[in-house]
Amino acid sequence: MAGTNGTKTLITGGPAIVLVEPQLGENIGMVARAMANFGLSDLRLVSPRDGWPNGRAKAAASRADHVIEGAQLHDSVESAIADLNFVAATTARTRDMLVPVRGPTECVTEMRARSAQGQGAGILFGRERIGLLNEEIALADEIVTFPVNPAFASLNIAQAVLLMSYEWMKSGDEGVQPQVDLGEPAPKDDVVRMYEHMERALDKVGYFFPPHKAETMRLNLRTILGKGRFNEQEVRTLRGVIARFEKNTVARHQVTAPESEDQGVESELKDASSDAKH
(Lines give C-alpha, C1' and ligand atoms only; values in the text may rest on other atoms or scores of the structure.)
Protein backbone atom coordinates (compact mmCIF):
# COMPACT_ATOMS: atom_id res chain seq x y z
CA MET A 1 0.00 0.00 0.00
CA ALA A 2 1.20 3.52 -0.80
CA GLY A 3 2.93 5.12 2.17
CA THR A 4 3.93 1.89 3.94
CA ASN A 5 7.48 0.57 4.03
CA GLY A 6 8.15 -2.91 5.31
CA THR A 7 11.87 -2.22 5.63
CA LYS A 8 11.37 0.38 8.37
CA THR A 9 11.01 -0.39 12.06
CA LEU A 10 7.36 -0.28 13.13
CA ILE A 11 6.89 2.24 15.94
CA THR A 12 4.47 1.06 18.64
CA GLY A 13 3.48 1.94 22.18
CA GLY A 14 2.27 5.34 23.33
CA PRO A 15 -0.79 6.12 25.45
CA ALA A 16 -3.81 3.82 25.38
CA ILE A 17 -6.62 4.97 23.09
CA VAL A 18 -9.93 4.10 24.77
CA LEU A 19 -13.07 4.22 22.63
CA VAL A 20 -16.25 4.23 24.71
CA GLU A 21 -19.16 2.39 23.07
CA PRO A 22 -18.10 3.03 19.46
CA GLN A 23 -20.93 2.38 17.02
CA LEU A 24 -19.45 1.63 13.60
CA GLY A 25 -16.74 -0.85 12.79
CA GLU A 26 -15.51 1.50 10.07
CA ASN A 27 -14.84 4.19 12.67
CA ILE A 28 -12.82 1.77 14.79
CA GLY A 29 -10.80 0.82 11.71
CA MET A 30 -10.07 4.45 10.83
CA VAL A 31 -9.00 5.06 14.43
CA ALA A 32 -6.60 2.11 14.19
CA ARG A 33 -5.16 3.51 10.96
CA ALA A 34 -4.65 6.96 12.54
CA MET A 35 -2.93 5.34 15.53
CA ALA A 36 -0.59 3.31 13.31
CA ASN A 37 0.30 6.43 11.29
CA PHE A 38 1.73 8.07 14.40
CA GLY A 39 3.19 5.14 16.30
CA LEU A 40 0.39 4.24 18.74
CA SER A 41 -0.74 0.65 19.18
CA ASP A 42 -2.71 0.24 22.44
CA LEU A 43 -6.39 0.28 21.42
CA ARG A 44 -9.08 -0.46 24.01
CA LEU A 45 -12.78 -0.81 23.19
CA VAL A 46 -15.57 -0.42 25.73
CA SER A 47 -18.73 -2.28 24.66
CA PRO A 48 -18.63 -1.66 20.89
CA ARG A 49 -22.19 -1.65 19.56
CA ASP A 50 -21.63 -4.18 16.75
CA GLY A 51 -19.46 -6.53 18.78
CA TRP A 52 -15.84 -7.56 18.39
CA PRO A 53 -13.99 -8.68 16.31
CA ASN A 54 -15.47 -6.74 13.40
CA GLY A 55 -14.60 -7.35 9.74
CA ARG A 56 -15.48 -3.83 8.70
CA ALA A 57 -13.07 -2.43 11.25
CA LYS A 58 -10.23 -4.51 9.84
CA ALA A 59 -11.05 -3.46 6.28
CA ALA A 60 -11.13 0.24 7.22
CA ALA A 61 -7.84 -0.05 9.11
CA SER A 62 -5.94 -0.28 5.80
CA ARG A 63 -3.48 -2.89 7.06
CA ALA A 64 -3.01 -1.48 10.54
CA ASP A 65 -3.49 -5.10 11.55
CA HIS A 66 -1.23 -4.96 14.61
CA VAL A 67 -3.54 -2.38 16.19
CA ILE A 68 -6.77 -4.22 15.32
CA GLU A 69 -5.50 -7.64 16.38
CA GLY A 70 -4.12 -6.30 19.64
CA ALA A 71 -7.28 -4.40 20.62
CA GLN A 72 -8.58 -5.10 24.12
CA LEU A 73 -12.30 -5.51 24.79
CA HIS A 74 -13.79 -4.16 28.05
CA ASP A 75 -17.29 -3.90 29.48
CA SER A 76 -16.74 -0.65 31.39
CA VAL A 77 -14.57 2.47 31.34
CA GLU A 78 -13.33 1.58 34.83
CA SER A 79 -12.03 -1.75 33.54
CA ALA A 80 -10.41 -0.16 30.48
CA ILE A 81 -8.36 2.33 32.52
CA ALA A 82 -7.75 0.20 35.61
CA ASP A 83 -4.00 -0.20 34.99
CA LEU A 84 -3.38 3.43 33.98
CA ASN A 85 -1.93 6.15 36.19
CA PHE A 86 -2.98 9.20 34.17
CA VAL A 87 -6.07 9.61 31.98
CA ALA A 88 -7.29 12.47 29.80
CA ALA A 89 -10.87 12.76 28.49
CA THR A 90 -11.61 14.41 25.15
CA THR A 91 -14.68 16.61 24.74
CA ALA A 92 -15.72 19.57 22.61
CA ARG A 93 -18.54 20.67 24.90
CA THR A 94 -18.36 23.03 27.82
CA ARG A 95 -18.66 21.01 31.03
CA ASP A 96 -19.67 22.34 34.42
CA MET A 97 -17.03 20.25 36.14
CA LEU A 98 -13.99 20.94 38.28
CA VAL A 99 -11.60 19.01 36.06
CA PRO A 100 -8.53 20.81 34.63
CA VAL A 101 -8.81 21.62 30.90
CA ARG A 102 -5.80 21.58 28.57
CA GLY A 103 -5.07 21.69 24.87
CA PRO A 104 -3.66 18.63 23.08
CA THR A 105 -0.04 19.87 23.12
CA GLU A 106 -0.01 20.46 26.88
CA CYS A 107 -1.79 17.18 27.52
CA VAL A 108 0.69 15.15 25.47
CA THR A 109 3.65 16.90 27.11
CA GLU A 110 2.33 15.72 30.48
CA MET A 111 1.88 12.19 29.12
CA ARG A 112 5.42 12.12 27.73
CA ALA A 113 6.82 13.13 31.10
CA ARG A 114 4.84 10.45 32.88
CA SER A 115 5.67 7.78 30.31
CA ALA A 116 9.34 8.57 30.82
CA GLN A 117 8.82 7.52 34.45
CA GLY A 118 7.15 4.28 33.45
CA GLN A 119 3.61 5.43 34.21
CA GLY A 120 0.64 4.25 32.13
CA ALA A 121 -1.36 6.93 30.31
CA GLY A 122 -4.52 6.88 28.24
CA ILE A 123 -7.02 9.05 26.40
CA LEU A 124 -10.80 8.58 26.52
CA PHE A 125 -12.89 9.19 23.40
CA GLY A 126 -16.67 9.22 23.63
CA ARG A 127 -19.56 7.90 21.60
CA GLU A 128 -20.04 9.22 18.08
CA ARG A 129 -23.39 10.86 18.89
CA ILE A 130 -23.22 12.00 22.50
CA GLY A 131 -19.57 11.80 23.53
CA LEU A 132 -18.56 10.98 27.10
CA LEU A 133 -20.91 11.04 30.08
CA ASN A 134 -20.05 13.28 33.03
CA GLU A 135 -19.41 10.31 35.30
CA GLU A 136 -16.90 8.98 32.74
CA ILE A 137 -15.12 12.33 32.53
CA ALA A 138 -14.96 12.38 36.33
CA LEU A 139 -12.68 9.33 36.13
CA ALA A 140 -10.10 11.34 34.18
CA ASP A 141 -7.31 13.53 35.55
CA GLU A 142 -7.97 16.25 33.00
CA ILE A 143 -10.04 17.25 29.99
CA VAL A 144 -8.38 17.82 26.63
CA THR A 145 -10.18 19.95 24.06
CA PHE A 146 -9.19 21.08 20.58
CA PRO A 147 -8.94 24.66 19.25
CA VAL A 148 -11.70 24.36 16.65
CA ASN A 149 -14.26 26.66 15.07
CA PRO A 150 -16.74 27.30 17.92
CA ALA A 151 -19.60 27.41 15.42
CA PHE A 152 -18.61 24.02 13.98
CA ALA A 153 -16.76 22.16 16.71
CA SER A 154 -17.81 18.58 16.00
CA LEU A 155 -15.03 16.14 15.12
CA ASN A 156 -15.58 12.53 14.22
CA ILE A 157 -13.83 10.03 16.42
CA ALA A 158 -11.07 9.18 13.93
CA GLN A 159 -10.24 12.88 13.47
CA ALA A 160 -9.96 13.37 17.22
CA VAL A 161 -7.70 10.33 17.60
CA LEU A 162 -5.59 11.50 14.66
CA LEU A 163 -5.01 14.92 16.25
CA MET A 164 -3.90 13.41 19.56
CA SER A 165 -1.76 10.78 17.84
CA TYR A 166 -0.03 13.47 15.78
CA GLU A 167 0.71 15.49 18.90
CA TRP A 168 2.19 12.38 20.50
CA MET A 169 4.50 11.68 17.58
CA LYS A 170 5.53 15.34 17.29
CA SER A 171 6.34 15.62 20.99
CA GLY A 172 8.73 12.69 20.73
CA ASP A 173 10.99 14.69 18.42
CA GLU A 174 11.39 17.28 21.14
CA GLY A 175 12.73 14.79 23.68
CA VAL A 176 10.40 15.94 26.44
CA GLN A 177 11.77 15.04 29.85
CA PRO A 178 10.08 15.35 33.23
CA GLN A 179 11.12 18.51 35.05
CA VAL A 180 10.13 17.30 38.50
CA ASP A 181 9.52 14.01 40.23
CA LEU A 182 5.85 13.40 39.53
CA GLY A 183 5.61 10.40 41.79
CA GLU A 184 3.83 7.17 40.91
CA PRO A 185 0.06 7.74 40.77
CA ALA A 186 -2.01 4.77 41.88
CA PRO A 187 -3.65 2.61 39.18
CA LYS A 188 -7.18 3.74 38.43
CA ASP A 189 -8.56 0.45 39.70
CA ASP A 190 -7.24 1.24 43.20
CA VAL A 191 -8.56 4.81 43.00
CA VAL A 192 -12.07 3.68 41.98
CA ARG A 193 -12.12 1.13 44.83
CA MET A 194 -11.20 3.94 47.23
CA TYR A 195 -14.07 6.08 45.88
CA GLU A 196 -16.52 3.21 46.34
CA HIS A 197 -15.23 2.51 49.87
CA MET A 198 -15.63 6.17 50.83
CA GLU A 199 -19.13 6.35 49.36
CA ARG A 200 -20.24 3.28 51.29
CA ALA A 201 -18.92 4.78 54.52
CA LEU A 202 -20.61 8.14 53.92
CA ASP A 203 -23.85 6.46 52.90
CA LYS A 204 -23.99 4.69 56.28
CA VAL A 205 -23.96 8.03 58.13
CA GLY A 206 -26.56 9.66 55.87
CA TYR A 207 -24.22 12.02 54.07
CA PHE A 208 -25.94 11.66 50.69
CA PHE A 209 -29.03 13.69 51.53
CA PRO A 210 -31.44 14.63 50.09
CA PRO A 211 -31.72 11.46 47.99
CA HIS A 212 -32.41 13.25 44.71
CA LYS A 213 -29.01 14.99 44.97
CA ALA A 214 -27.07 11.87 45.91
CA GLU A 215 -25.64 11.13 42.45
CA THR A 216 -24.50 14.72 41.98
CA MET A 217 -22.86 14.66 45.41
CA ARG A 218 -21.05 11.43 44.57
CA LEU A 219 -19.84 12.87 41.27
CA ASN A 220 -18.59 16.06 42.93
CA LEU A 221 -16.69 14.09 45.58
CA ARG A 222 -14.97 11.97 42.93
CA THR A 223 -14.06 15.09 40.95
CA ILE A 224 -12.58 16.79 44.02
CA LEU A 225 -10.59 13.73 45.08
CA GLY A 226 -9.46 13.15 41.50
CA LYS A 227 -7.44 16.36 41.64
CA GLY A 228 -5.18 14.78 44.23
CA ARG A 229 -3.64 12.28 41.80
CA PHE A 230 -2.89 10.04 44.78
CA ASN A 231 -0.02 7.61 44.72
CA GLU A 232 -0.45 4.02 45.88
CA GLN A 233 0.66 4.70 49.45
CA GLU A 234 -1.75 7.63 49.75
CA VAL A 235 -4.64 5.49 48.53
CA ARG A 236 -3.80 2.79 51.10
CA THR A 237 -3.58 5.42 53.84
CA LEU A 238 -6.93 6.98 52.92
CA ARG A 239 -8.64 3.59 52.78
CA GLY A 240 -7.26 2.83 56.24
CA VAL A 241 -8.67 6.15 57.50
CA ILE A 242 -12.07 5.41 55.97
CA ALA A 243 -12.15 1.90 57.44
CA ARG A 244 -11.27 3.22 60.89
CA PHE A 245 -13.95 5.87 60.54
CA GLU A 246 -16.48 3.15 59.75
CA LYS A 247 -15.47 1.02 62.72
CA ASN A 248 -15.60 3.94 65.16
CA THR A 249 -18.99 5.01 63.80
CA VAL A 250 -20.40 1.55 64.40
CA ALA A 251 -18.95 1.46 67.94
CA ARG A 252 -20.34 4.90 68.79
CA HIS A 253 -23.88 4.45 67.48
CA GLN A 254 -24.49 0.81 68.31
CA VAL A 255 -23.61 -0.81 71.60
CA THR A 256 -23.90 -4.17 69.86
CA ALA A 257 -23.50 -3.81 66.12
CA PRO A 258 -25.41 -6.25 63.88
CA GLU A 259 -23.02 -9.02 62.96
CA SER A 260 -23.32 -8.46 59.19
CA GLU A 261 -22.48 -4.74 59.45
CA ASP A 262 -19.60 -5.28 61.84
CA GLN A 263 -18.18 -7.98 59.59
CA GLY A 264 -18.42 -5.60 56.63
CA VAL A 265 -16.31 -2.99 58.43
CA GLU A 266 -13.78 -5.62 59.47
CA SER A 267 -13.58 -6.70 55.83
CA GLU A 268 -12.76 -3.15 54.74
CA LEU A 269 -10.04 -2.89 57.42
CA LYS A 270 -8.51 -6.17 56.26
CA ASP A 271 -8.72 -5.02 52.64
CA ALA A 272 -6.90 -1.76 53.39
CA SER A 273 -4.32 -3.62 55.52
CA SER A 274 -3.78 -6.20 52.78
CA ASP A 275 -3.23 -3.47 50.20
CA ALA A 276 -0.63 -1.85 52.46
CA LYS A 277 1.46 -5.02 52.46
CA HIS A 278 1.77 -5.12 48.66
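Just above, that's the structure.
Residues numbered from 1 in each chain as written. Predicted model: local features only at pLDDT ≥ 70, side-chain atom pairs only at ≥ 80, totals over all residues. Heavy atoms only, no water.

## Concerning the overall build of the protein chain
What counts, and what does not: Secondary structure is summarised from DSSP: a helix means a run of H or I of at least four residues, a strand means a run of E of at least two, and numbering begins at the N terminus for each. Exposed residues in this analysis have more than 50% of their type's maximum accessible area, buried residues have under 20%, and partly exposed residues fall in between, with area computed by a 1.4 Å probe over protein chains only. For every accessible area listed, the method is Shrake-Rupley and the probe measures 1.4 Å; residues are considered covered only by the protein chains on display.
Helix and strand counts for the protein chain come out as 11 helices and seven strands. Taken across its 278 residues, the protein chain has 44% of its residues classed as buried. When the accessible area of the protein chain is evaluated, it comes to approximately 14,700 Å², of which 52% is carbon and sulfur surface.

## Overview of helix α5 (residues 104-116)
Definition in use: Multiplying 1.5 Å by the helix residue count minus one yields the expected span of that helix.
The end-to-end C-alpha distance of α5, which contains 13 residues, comes to 18 Å, matching closely the 18 Å that a straight helix rising 1.5 Å per residue would cover. Considered for burial, the residues of α5 that qualify are P104, C107, V108, E110, M111, A113 and R114. Of the residues one or two after α5, G118 is the one with positive phi, at around 85°.

## A closer look at the sheet that holds strand β4 (residues 86-90)
Keep this limit in mind: Here, any two strands with at least 2 DSSP bridges between them count as paired. Only heavy atoms matter for contacts: two residues are in contact if any of them lie within 4.5 Å across the pair. An axis is simply a line fitted to the C-alpha atoms; with a helix, the fit covers only the stretch in contact. Between two such axes, the angle follows the N-to-C directions and lies from 0 to 180 degrees.
What the seven strands build is an open sheet, ordered β3-β2-β1-β6-β4-β7-β5; its pairing is parallel. The outermost strands of the open sheet, each flanked by one partner alone, are β3 (72-74) and β5 (101-102). The pairing of strand β1 (residues 16-20) with strand β2 (residues 43-46) spans four bridges and is classified as parallel. If you follow V18 over to β2, its bridge partner there is R44. Its contacts with the sheet put α5 on β4, β5, β6 (121-125) and β7 (142-144), and the angle it makes with β4 is roughly 160°.

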